[in-house]
Amino acid sequence: MASKLHAGRRKLLVAAICSAAAVAPLAATPAQAADRYPSKPITIVLPYATGGTADMMARLAAQALTAELGQTAIVEAKPGAGGVLGTEFVSRAAPDGYTLALSASGTMGVNSYVYKLRYDPMKDFKQVTVLVDLPFVVVTNNDFPAKTLKDFIAYAQAHPNGVTFGNAGLGTQQHLTQLMFAKSAGIQVNLVPYKGSTPAMNDLLGGHINAVLDNTGVQTPFIHSGKVHPLFVTSSERLKVLPDVPTAQEAGLQGFSAVAWFGLAAPKDTPDAVVNAIQQALSRQFAKPEMQQRLLDLGMIPRVTTPAETTARVREDLATFGKIAKDVGLEPM
């Protein structure tokens, strides 16, 4: 009797399990999750302080994703250590496409030689896209006697380490680009690192330093208002927003060019289908004429790339800045 009772209970238990299995949703596979992407808000982590060019780019990307994907995309700032803290945070995030990093040539290409990183730009991320190229421009205060690149080089050669040349911070891409420029020009200058672009520009406008190298997004308003004098842009071609400012090659420094960039990156195991959905959404929005013109007016060059092209660019940047770091004996902090 007891045996029959136990057998009956087992049958009821099996039936209950089968019934539950029939109605319970199965755990989604990565492919199924990708098919439903996005099903909740997306966060773009800004690894820099708010209020600058990077912040603006993160918000433009968030607006583009919101418009294309039908889910809200927000920007969350996690600044610190030249972009390291926020970028590292994303490297450890769930690889589901809902936490992305605003990536940059600085965080992906430069920081490996400045900081002892706990993330690997090549191994810990899937690069999604480059959004814009951001050239640099060298400007002087209006009282500085050199008004062309050739005059600047001649002045620096006549006054070794006598030109005070500001940048946005020790180990930043601006700093390493200055080192590239000084080596290419065969000059010795007094590099003055600041904690950001604003204090550097305040000292330039106040006449406390002679020159600054910074991105065109920062410098264009000062140039247009006549508060500073531009010598050259570091891109390979002139910018529509600064049509009268020559490139380095046009100004007499052959073979020198350097640009920063901003884009997006995802944690390494993010499904390719999700990465491609994000890239294609951004590509559609950033191809719109009004977006292109807005970026050009800010001194940026629209440059949406595929994940493969973006990965290749990070690899190239690592090689370029690695050589500079070796040449100048730069050791990670």
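So, how was this worked out
Along each chain, residues carry numbers from 1 onward, in the same order as the chain's sequence is written. Reporting of local features is limited, given that this is a predicted model, to residues whose pLDDT is at least 70; pairs of side-chain atoms are given and counted only at 80 or more, and all residues count toward the totals for whole chains, interfaces and linings. Only hydrogens and water are set aside; all other atoms, that is, all heavy atoms of the structure, feed into the side-chain values. We call a residue buried when its accessible area falls under 20% of the maximum for its residue type, exposed when it is over 50%, and partly exposed in between, using a 1.4 Å probe and counting protein chains only. Helix and strand definitions here come from DSSP, where helices need a minimum of 4 consecutive H or I residues and strands a minimum of 2 consecutive E residues; each element is numbered from the N-terminal end. In this description, strands pair whenever DSSP reports at least two bridges between them. With the strands aimed away from the viewer, a crossover counts as right-handed if its path from the first strand over the helix to the second runs clockwise. Just to be clear on terms, a salt bridge is a Lys or Arg side-chain nitrogen sitting within 4 Å of an Asp or Glu carboxyl oxygen. In summary, the pairing rule links any two rings of Phe, Tyr or Trp, Trp by its six-membered ring, whose centres are within 6.5 Å, and it sorts them by plane angle into stacked for under 30 degrees, edge-to-face for over 60 and tilted for everything else. Placement of a positive charge over a ring is assigned whenever Lys NZ or Arg CZ falls within 6 Å of the ring centre and within 35 degrees of the normal to the ring plane. Between the N-to-C directions of two axes lies an angle of 0 to 180 degrees, each axis being a line fitted to C-alpha atoms and, for a helix, fitted only over the stretch in contact. With respect to orientation, any angle under 35 degrees is reported as roughly parallel, any angle over 145 as roughly antiparallel, any angle of 65 to 115 as roughly perpendicular, and every other angle as oblique. Any pair of residues with heavy atoms lying within 4.5 Å of one another is described as a contacting pair. Each residue gets one of three labels, nonpolar for Ala, Val, Leu, Ile, Met, Phe, Trp, Tyr, Cys and Pro, charged for Asp, Glu, Lys and Arg, and polar for the others, Gly among them. Residues belong to a common nonpolar core when they are buried Ala, Val, Leu, Ile, Met, Phe, Trp, Tyr or Cys residues joined through side-chain atoms within 4.5 Å. Whether a set of points on the 1 Å grid over the protein atoms alone is a cavity depends on a 1.4 Å probe fitting there but being unable to get out, while an open set qualifies as a pocket with protein on both sides within 12 Å along at least five of seven lines; lining residues are those with an atom within 4 Å of a point. Grid points are joined across faces, edges and corners, and a volume is the space filled by probe spheres set on the points.

1. Quick notes on the pairing of strand E1 (residues 42–46)
Line of reasoning, step 1. Of all five residues making up E1, five are buried, and the element is well covered by its neighbours.
Line of reasoning, step 2. Alternating residues of E1 divide into Ile42, Ile44 and Leu46 and Thr43 and Val45, and every residue in both groups is buried.
Line of reasoning, step 3. Across five bridges, E1 lies against strand E2 (residues 73–77) in parallel orientation. From the neighbouring strand, Thr43 faces E2, where its bridge partner is Ile74.
Line of reasoning, step 4. In terms of handedness, the path from E1 via helix H3 (residues 53–69) over to E2 forms a crossover that is right-handed.

2. Overview of the pattern of salt bridges
Line of reasoning, step 1. One pass over the structure, following the stated rule, counts eleven salt bridges.
Line of reasoning, step 2. With a closest N to O distance of 2.9 Å, Arg303 and Asp133 form a salt bridge. Of the two residues, Arg303 sits in the loop between strand E10 (301–302) and helix H12 (307–328) while Asp133 sits in strand E4 (residues 125–141), which places them 170 residues apart along the sequence.
Line of reasoning, step 3. Residue classification places Asp133 among the buried positions, given a relative accessible area of 6%.
Line of reasoning, step 4. Here Asp327 ties to Lys183 by a salt bridge, and the two come within 2.9 Å at their closest N and O atoms. Of this pair, Asp327 sits in helix H12 while Lys183 is found in helix H7 (residues 173–185), placing the two residues 144 residues apart along the sequence.
Line of reasoning, step 5. Classification of Lys183 by relative accessible area gives exposed; the value is 56%.
Line of reasoning, step 6. Through salt bridges with shared partners, one network takes in Glu88, Arg92 and Arg118.

3. As for unusual backbone geometry
Line of reasoning, step 1. Cis geometry is adopted by the peptide bond preceding Pro38, which originates at Tyr37 and carries an omega value of -5 degrees.
Line of reasoning, step 2. Looking at the element boundaries, Pro38 is found in the loop between helix H2 (30–35) and E1.
Line of reasoning, step 3. At Ala81, a residue that is not glycine, the phi angle is positive and equals roughly 55 degrees.
Line of reasoning, step 4. Within the fold, Ala81 resides in the loop between E2 and helix H4 (84–91).
Line of reasoning, step 5. The residue Asn161 is not glycine, and still its phi comes out positive at about 60 degrees.

4. Regarding the packing of aromatic side chains
Line of reasoning, step 1. Counted according to the given criterion, the structure contains ten aromatic pairs.
Line of reasoning, step 2. Between Tyr119 and Phe125 the ring centres are 5.7 Å apart and the planes differ by 90 degrees, which places this aromatic pair in the edge-to-face class. For the pair formed by Tyr119 and Phe125, the shared burial category is buried.
Line of reasoning, step 3. Taken together, Phe144, Phe152, Tyr155, Phe165, Phe181, Phe232 and Phe256 form an aromatic cluster joined through their ring pairs.
Line of reasoning, step 4. The side chain of Lys78 reaches across the aromatic face of Phe89, ending 4.4 Å from its centre.

5. A short note on the packing of H3 against helix H10 (residues 272–286)
Packed helices, taken two at a time, are described by their axes: the angle between them and the distance between them.
Line of reasoning, step 1. Look at H3 against H10: their axes get within 9 Å of each other, and the N-to-C directions meet at 100 degrees. Taken together, the axes of H3 and H10 lie roughly perpendicular to each other. Together, Met57, Leu60, Ala61, Ala64, Leu65, Ala67, Glu68 and Leu69 of H3 and Ala277, Ile278, Ala281, Leu282, Arg284, Gln285 and Phe286 of H10 make up the contact between the two elements.
Line of reasoning, step 2. The class makeup of the residues in the contact of H3 with H10 is twelve nonpolar, one polar and two charged.

6. Brief notes about the nonpolar core
Line of reasoning, step 1. In this structure, Met57, Leu65, Phe181 and Leu264 are the most contacted members of the largest nonpolar core, which totals 79 residues.
Line of reasoning, step 2. Among the elements that take part in this core, H3 stands out by supplying nine residues, more than any other.
Line of reasoning, step 3. Apart from the residues within four sequence positions on either side, Met57 is in contact with Leu102, Leu131, Val132, Phe262, Phe286, Leu295 and Met300.
Line of reasoning, step 4. The next biggest cluster of nonpolar side chains, apart from the first, holds 16 residues, and it includes Val137, Ala200, Val241 and Val245.

7. What to know about the layout of surface pockets
Line of reasoning, step 1. Of the voids in this model, the largest pocket is the one considered here, and its volume is about 1,000 Å³.
Line of reasoning, step 2. Around the largest pocket, the lining is made up of 44 residues, and of these Tyr48, Ala168, Gln174, Gly196 and Ser197 lie nearest the centre.
Line of reasoning, step 3. Broken down by secondary-structure element, the contributors of at least two residues to the lining of the largest pocket are H3, helix H5 (105–110), E4, H7, helix H8 (197–205), strand E7 (211–215), helix H9 (216–224) and strand E9 (259–267).
Line of reasoning, step 4. Examining the composition of the lining of the largest pocket, we find that four residues originate from one element, H5, more than from any other.
Line of reasoning, step 5. Taken together, the residues of the lining of the largest pocket sort by class into 21 nonpolar, 20 polar and three charged.
Line of reasoning, step 6. Considering only enclosed or pocket space, the second largest pocket measures out at about 340 Å³ in volume.
Line of reasoning, step 7. Every residue lining the second largest pocket is counted, 18 residues in all, and those nearest its centre are Ser257, Ala258, Val259, Arg313 and Glu316.
Line of reasoning, step 8. Elements supplying a minimum of two residues to the lining of the second largest pocket: H7 and H12.
Line of reasoning, step 9. It is H12 that provides the largest number of residues to the lining of the second largest pocket, a total of five residues.
Line of reasoning, step 10. Class assignment for the residues of the lining of the second largest pocket results in five nonpolar, seven polar and six charged.

Geometric descriptors of this kind do not, in isolation, establish any biological role.
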